Amino acid sequence: MKKNYSINRILVYVFLVFTFIVSVFPFYWMVAGMTNSAVDVIKGKMTFGNQMLSNITTLFTTYNMVRILLNSLKVTGFTVLGILIVSSMAAYGFQIYSSPAREKVYGLIILFMMVPFIALMIPLFRLIVKMHLLNTHSGLVLTSIASVFIIFFLRQSFKAFPYEIIQAARVDGAGEFRIFFSIFIPSMKSSYAAAAIYSFMASWNAYLWPLIILQTDKQKTVTLMISSMSSAYFPEWGVIMTAIVIATLPIIIVFFGFQKYFVQGMLGSSLKQ
Amino acid sequence: MLKRKFIILVVVCLFLVVSSITYAESTEKSGEITIWSWDPNFNIPIMQEAAERYAKDNPKVTFEITELAKADVEQKLHINLASGVTAGLPDIVLIEDYNAQKYLQSYPGAFADLTDKIKFSDFANYKVGLMTLDGKVYGVPFDSGVSGLFYRTDYLEKAGYKSEDLNNITWDKFIEIGKKVKEKTGKAMIGFGLDDGGLMRIMMQSAGKWYFDDKGNVNLSNNDALKEAFKTYKAIVDSGIIKKTSGWSEWVAAFNNGDTASVVTGVWIIGSVKADKASSGKWKVATTPRLNIAGAVNASNLGGSSWYVLENSKNRDLAIDFLNQIYAGDIDFYQKILMDRGAVGTYLPAQSGAAYSKEDEFFSGQKVYTDFSGWIKAIPTINYGIYTYEADAAIFTVMPDVYSGKISIEDALEKAEEQLKDQINR
Amino acid sequence: MTEKGISRSFIKPRDKYGWLFISLALILLGVLLFYPIVYSLYLSTMSSKGIVQKFVGFGNYVKLFQDSMFILALKNTLTFFLIQVPIMLFLALILATILNDKTIKYRGLFRTAFFLPAVTSLIAYTILFKMMFSLDGFINGVLLNVHIINSPIPWLLDPFWAKVTLIIGLTWRWTGYNMIFYLSALQNIPEEIYEAAKIDGANKVKQFFYITIPLLKPLILFTAIMSTIGTLQLFDEPMNLSQGGVTSATIGPGNSLLTLSVYVYNLCFKYMPNFGYAATVSYAIVLIVALLSIIQFKLMGDKK
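Trainee: Looking at this structure, I do not really get the overall build of chain A. What am I missing?
Mentor: Along the backbone of chain A there are 15 helices and 0 strands. When the backbone C-alpha atoms are referred to their principal axes, chain A occupies close to 70 × 70 × 30 Å. In chain A, buried positions account for 60% of the 273 residues. Across chain A, every contact between residues at least 6 apart in sequence was considered, and the portion connecting residues at least 24 apart equals 72%. For chain A, the accessible surface area stands at approximately 10,900 Å², while carbon and sulfur atoms represent 70% of it. Charged side chains of chain A number 20 positive and 7 negative; the gap between the two group centres comes to 3 Å.

Trainee: Whenever I open this one, the overall build of chain B confuses me. Can you help?
Mentor: When you go through chain B residue by residue, the secondary structure sums to 16 helices and 12 strands. Viewed in the frame of its principal axes, chain B has a C-alpha envelope of about 100 × 55 × 35 Å. Per-residue burial for chain B yields a buried fraction of 62% across its 426 residues. Sequence separation of at least 24 residues holds for 76% of the intrachain contacts in chain B that already meet a minimum separation of 6. For chain B, the accessible area works out to roughly 16,100 Å², and carbon and sulfur atoms hold 50% of it. Averaging the positions of the 47 positive and the 55 negative side-chain charges in chain B gives two centres separated by 4 Å.

Trainee: Looking at this structure, how should I read the packing of helix α9 (residues 224-238) of chain B against helix α15 (residues 388-403) of chain B?
Mentor: Helix-helix packing is described using two parameters, namely the angle between the two axes and the distance between the axes. Residues and elements named next belong to chain B. Relative orientation of the contacting elements α9 and α15 amounts to 50°, with a least axis distance of 11 Å. The angle between α9 and α15 falls in the class oblique. By crossing handedness, the relation of α9 to α15 is classed as right-handed. Contacts from L226, F230, Y233, K234, V237 and D238 in α9 reach I395, F396, M399, V402 and Y403 in α15. Of the residues that constitute the contact of α9 with α15, the class distribution is 9 nonpolar, no polar and 2 charged.

Trainee: Quick question: what am I supposed to make of the sheet that holds strand β10 (residues 260-266) of chain B here?
Mentor: Within a beta sheet, neighbouring strands are joined by backbone hydrogen bonds and run either parallel or antiparallel to one another. Residue and element names in this part refer to chain B. The sheet built from 5 strands is open, its strands ordered β9-β8-β10-β7-β11 with mixed pairing. Looking at the sheet topology across the chains shown, the edges are occupied by β9 (242-245) and β11 (283-286). The mean inter-strand angle of the sheet, taken between neighbouring strand axes irrespective of direction, is 30°. One ladder, built from 4 bridges, connects strand β8 (residues 188-193) with β9; its direction is parallel. When the bridges of β9 are listed, G193 appears paired with T245.

Trainee: Would you take a moment to explain the pattern of salt bridges for this structure?
Mentor: Any two side chains of opposite charge can pair, given that their charged atoms come close. All names here are of chain B. Inspection of the entire model under this criterion finds 28 salt bridges over all chains. One salt bridge in this structure joins R53 and D332, with 3.3 Å as the shortest N-O distance. A residue pair is termed long-range when its members are at least 10 positions apart, and R53 in helix α2 (residues 43-57) and D332 in helix α13 (residues 331-341) qualify at 279 residues. The exposure class of D332 is partly exposed, given its relative accessible area of 48%. Taking the shortest distance from any N to any O, the salt bridge between D317 and R316 comes out at 3.3 Å. Where salt bridges share partners, they join E49, R53, D330 and D332 into one cluster.

Trainee: What should I look at first to understand the environment of L208(A) in this one?
Mentor: Here L208(A) shows up in helix α12 (residues 208-213). Residue class for L208(A) comes out buried when judged on its relative accessible area of 15%. A sequence separation of 91 residues divides L208(A) from F117(A), and the C-alpha atoms of the two residues are 8.9 Å apart. Look past the residues within four positions of L208(A) in its chain and what remains in contact with it is F117(A), I118(A), M121(A) and Q75(B).

Trainee: I keep staring at the domain arrangement of chain B and nothing clicks. Help me out?
Mentor: Many analyses report the size of an interface as the accessible area lost when the parts associate. Residue and element names in this part refer to chain B. When its domains are assigned, chain B resolves into domain 1 (29-145 + 303-353) and domain 2 (147-301 + 379-424). Distance from the C-alpha centre of domain 1 to the C-alpha centre of domain 2: 29 Å. Listed by partner, the interface residues are 18 residues for domain 1 and 19 residues for domain 2. Both sides of the domain 1 and domain 2 interface together cover about 1,500 Å² of buried area, and 59% of this is carbon and sulfur. Along the contact surface separating domain 1 from domain 2 lie 0 salt bridges. Inspection of the domain 1/domain 2 interface yields 5 residue pairs in polar contact (both at pLDDT 80 or more). If you list the elements that add at least two residues to the side of domain 1 that touches domain 2, you get α4 (97-106) and α5 (125-130). Top element by residues in the side of domain 1 that touches domain 2 is α4. It accounts for 6 residues. Residue composition of the side of domain 1 that touches domain 2, by class: 5 nonpolar, 8 polar and 5 charged.

Trainee: Help me out: how do you make sense of helix α16 (residues 409-424) of chain B in this one?
Mentor: Residues three or four positions apart in an α-helix share a direction because the helix packs 3.6 residues into each turn. Counted at 1.5 Å a residue, the expected span for α16(B) with its 16 residues is 22 Å, and the 22 Å between its end C-alpha atoms agrees. Where α16(B) is concerned, the buried positions are I409(B), A412(B), L413(B), A416(B), E417(B), Q419(B), L420(B) and Q423(B).

Trainee: Would you mind going over the interface of chain A and chain C with me for this structure?
Mentor: Taken together, the contact pairs 99 residues of chain A with 91 residues of chain C. Roughly 8,600 Å² is buried in total at the junction of chain A and chain C, and carbon and sulfur atoms are behind 79% of that figure. Residues R102(A) and D15(C) are paired through a salt bridge, measuring 2.9 Å at the closest nitrogen-oxygen approach. Linking chain A to chain C there are 12 residue pairs in polar contact (both at pLDDT 80 or more). For the side of chain A that touches chain C, the leading source of residues is helix α1 (residues 2-34) of chain A, giving 16 residues.

Trainee: What am I meant to see in the side chain of E250(B) here?
Mentor: Within the fold, E250(B) resides in helix α10 (residues 248-256). K243(B) provides the closest opposite charge to the buried, salt-bridge-free E250(B), at an N-O distance of 6.7 Å. A polar contact of 2.9 Å, which involves the side chain of E250(B), links it to the backbone nitrogen of S246(B). In contact with E250(B), not counting residues within four places along its chain, are K244(B), T245(B), K130(C), S134(C) and L135(C).

Trainee: Hey, could you run me through the packing of aromatic side chains in this one?
Mentor: Between two aromatic rings, the relevant description is the distance of the centres plus the angle of the planes. All names here are of chain B. The tally for this structure, following the rule as stated, stands at 77 aromatic pairs over all chains. Consider the rings of F150 and F372, whose centres lie 5.9 Å apart with planes at 35°: the pair is tilted. Residue F150 is found in strand β7 (residues 147-152), and its partner F372 is found in helix α14 (residues 368-378); the two are separated by 222 residues along the sequence. Accessibility expressed as a relative area gives 0% for F150, which makes it buried. Their ring planes at 40° and their centres at 5.0 Å tell us that W210 and Y211 sit as a pair that is tilted. Across the pair, exposure class does not vary: W210 and Y211 are buried alike.

Trainee: Looking at this model, I keep getting lost on the sheet that holds strand β2 (residues 61-68) of chain B. Mind explaining?
Mentor: Residue and element names in this part refer to chain B. Taken in spatial order, the 5 strands of this open sheet run β2-β1-β3-β12-β6, and their pairing is mixed. Since the sheet does not close on itself, it has two edges, and those belong to β2 and β6 (139-141), each with one partner. Strand-to-strand, the axes of this sheet are offset by a mean angle of 25°, without reference to chain direction. Strands β1 (31-38), β2, β3 (92-96) and β12 (305-309) of the sheet are contacted by α2, whose axis makes an angle of about 180° with β2.

Trainee: What is the right way to read the interface of chain A and chain B from this model?
Mentor: Counting from both sides, the interface comprises 30 residues of chain A and, opposite them, 34 residues of chain B. Interface of chain A and chain B: buried area, both sides summed, is about 2,900 Å²; carbon and sulfur atoms make up 58% of it. Inspection of the region where chain A meets chain B yields 1 salt bridge. In this structure, the salt-bridge partner of E64(B) is K218(A), at a minimum N-O distance of 3.2 Å. For the pair chain A and chain B, the number of links is 10 residue pairs in polar contact (both at pLDDT 80 or more). Elements supplying a minimum of two residues to the side of chain A that touches chain B: α2 (38-42), α6 (117-130), α12 and α13 (222-229) of chain A.

Trainee: I keep staring at α6(A) and nothing clicks. Help me out?
Mentor: Residues and elements named next belong to chain A. Taking 1.5 Å of rise per residue, 14 residues should cover 20 Å, and α6 covers 20 Å from first to last C-alpha, within 8% of that figure. Along α6, the helix axis deviates most sharply at P123, where the bend reaches about 35°. In terms of burial, α6 is a largely internal element, 11 of the 14 residues being buried. Those residues of α6 not exposed but buried are I118, A119, L120, M121, I122, P123, L124, F125, L127, I128 and V129. Among the residues trailing α6, H132 stands out with phi positive, at a value near 55°.

Trainee: Even after reading the chapter, I still don't get the side chain of R170(A), so can you show me in this structure?
Mentor: Of note, R170(A) is situated in helix α9 (residues 163-171). Residue class for R170(A) comes out buried when judged on its relative accessible area of 7%. The contact partners of R170(A), leaving out residues within four places of it in the chain, are I96(A), Y97(A), Y163(A), E176(A), I179(A) and R14(C).

What counts, and at which threshold
- Residues numbered from 1 in each chain as written.
- Chains lettered and ligands numbered in written order.
- Predicted model: local features only at pLDDT ≥ 70, side-chain atom pairs only at ≥ 80, totals over all residues.
- Heavy atoms only, no water.
- Helix = DSSP H or I, 4+ residues; strand = E, 2+ residues; numbered from the N terminus.
- Buried < 20%, exposed > 50% of the residue type's maximum accessible area, 1.4 Å probe, protein only.
- Contact = heavy atoms within 4.5 Å.
- Areas by Shrake-Rupley, 256 points an atom, 1.4 Å probe, with all protein chains shown as cover.
- Lys, Arg positive; Asp, Glu negative; His and termini not counted.
- Charge placed at Lys NZ, Arg CZ, Asp CG, Glu CD.
- Axes fitted to C-alpha atoms, helices over the stretch in contact; angles between N-to-C directions.
- Parallel < 35°, antiparallel > 145°, perpendicular 65-115°, else oblique.
- Left-handed = near helix turned anticlockwise from the far one by under 90°.
- Nonpolar A, V, L, I, M, F, W, Y, C, P; charged D, E, K, R; others polar.
- Pairing = 2+ DSSP bridges.
- Salt bridge = Lys/Arg side-chain N within 4 Å of Asp/Glu carboxyl O.
- Domains from an automatic or database assignment.
- Buried area = accessible area lost by both parts, 1.4 Å probe.
- Polar contact = N/O pair within 3.5 Å; in protein donor to acceptor, adjacent residues only side chain to side chain.
- Expected span 1.5 Å × (residues − 1).
- Phe/Tyr/Trp six-rings, centres within 6.5 Å; stacked < 30°, edge-to-face > 60°.
- Bend = angle between axes of the 7 residues up to and from the residue.

So this is what it looks like as structure tokens:
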């Protein structure tokens, strides 16, 4: 019995290590690419070269990298904050105060999510121009803070929340908003952390819509810059790899920051108390 | 007496100064010209150079050049034009030649008519034709996609071929040479994307034909040039002289790695060829191979683009003046962008400049730009029509079955034609 | 029964709170989503060449069935959906379950590594995959060296293998992404349930099928529907995997990677711009996704 158990264990670890290698290998290649010249990257060179400094210098002098990073950070920061407030309130409203009327609204919203964005670009663009939000970061933020995706996700995870806790708080005389902010949110930290990571990624990597409403290089975000860099007759792959690595770092940092909430079950531990 | 003279002199001087000031003020142009373009290593720095030159004479004119991916420029332009809102449009935009007619015909009135503003007789004929609709010309011709056969002299010498053997050949001869190269050096003759329509376009234009007839009707199944191009494509694949590649960077890597002996494409590839410094002095350029049918010539074109001014933009007239002064007047500018970026313009007066007749060490001392300039004049003028990309898609959907021999070339053409007609009559 | 009186006095004011909580999102969605949707529905009754439009009523919808390019795109898209989504979700579920086991060492490291693919931008990872899966690329090199294959696999050069490559790419990119949803939900399951099951003699496999899956149902449903939407709107990957510089003629060899969304994109921006017909294809996508979603809701037995 004991032996059988350990064989299973070994198989599990073999599986984990294999998946680990598959997941991580392309990142090694990306970082190696950062240190090589364009020609070497195209040739598929897998070892480290000595072009890193020159790639970084090119990136920060030829392209306005600092400003572009700040643009991305600004847009993404406000978007994530907005989503966490607006969309999580909506998810809470739909799940906790379930009513037939709101269910119909919910069904409609979910259906909306299925419309491909390309089909909506032209009317949405007209709207943005009429609201004088063309070429502004606020236009970008405003259009993304009501995220059907996050509302849907949070509502599905809120289903696991024991309704009795809310009932108990009401009996204690707590107001509805107080229950939401000081009882509900703290006990759903892992779901909020996931929502934060996902909205950060979505906003940081957003491409099609920022492309349409941001008109000048001054307003550009990182993703837009990488895309225009890689479309050259002769792309500078080393510099592009550097830009990609730098653009990926913030997401990794955010993930590290939030992932501690995945380590222990929040609800589980709060119930135990 | 003297005093009076002096006073007159002062008055005259003052008058001159004042009038020259007011004169300068009345003609000094000001405003901000906004431009959308793609390629940070080619079009963008070239436009920046042009902007600097113009700003030197017109210090009150500023430029806002927005750098985007090619597909993104097209996308933004479509969205802006289709939504009927002019607020977001730039003054000048770069449009690929294959797409020009599509924009002109689907957005009537969107682009400024430049017929009387620019001296078009100074530009390559085939290029002007592409931007003409109902007798009016709407763009300022920019870079040429004149094609050539770039080859590695070291590999070809090993296979027993000299420069003369590569000029003015047919594709059949090209394949024959390729087999010899493969046999003697073990290298492939060219990198070849099975779904890349580039060579097909080169072959078609060299025969003066396109996927459509002069009236714009679909012309696939009864098109001799296309049938021959299909045959050639299949022959090239069957002959085993290719290195199969997928996508742009793999294709570039094939010649940068020294895996292939030649490249047949537009002149703008020079920057990429030269990027592999180790092979300097081992390259040369010959004329484009031609199809084995009557009327085909050893000159063709792939790609190339031009500048267009938006009719409803804020600084339309200023933008036109800018393009006219630099792109249709500054010979020195064309020398500079040729030297710095390898950009071959289609402004004919510029081609007698010093940079065009320079010997290039990388190409074994060949005067490549002189040669390319000569070939430009031989490119057959054709009308790309408005459905080139639809035609491409229809043709290359059936190509895998042609390669594998599953269907005959005649059937494939028939099938592609049906598909294309379907697509157009949506 | 006396409770009824109390709860009735509670329902009214609480119902108000329900609307209050969703109001902000509702206003934004109403303006920024509802209006564009109505407008594009109107567009779908037009046939256009850029701004040159004519009214065709349901004509576009009829044409869908005769459009062989649309049918090809539909076939491709459904293939990806049927094969890739189940593989990915099952893999994500297994990985999440393993990583939720507190006796596994280096969980943090594994978790981060598995999630890493999800943080790469779509452009970056398709560039990487294209290079790795080229004919003489890294993958073929490894497979040849360990003698799994005798001649290189034409990954991106053959219609069948191109589809396989895309499926591998999608699975690599999105498995960790879905895993995190499951992991965040597993954290909400009290450990006591598993301990009780262990005492009752249920092994890990039984626990997985009888505890984990039922409890994760809401989120499995969520990921399944999101993946359905994602696959039906699959765009960036096929676009970038097939991009051939200035002259790429098809999306993958023989248009084997042409998806519905790429087709919509082409109709708007690559071909003669026909925004009306593009909107029509978009609503065909909505219809298919809605249909598939309803089936999934039914299968999972989730009361909306």
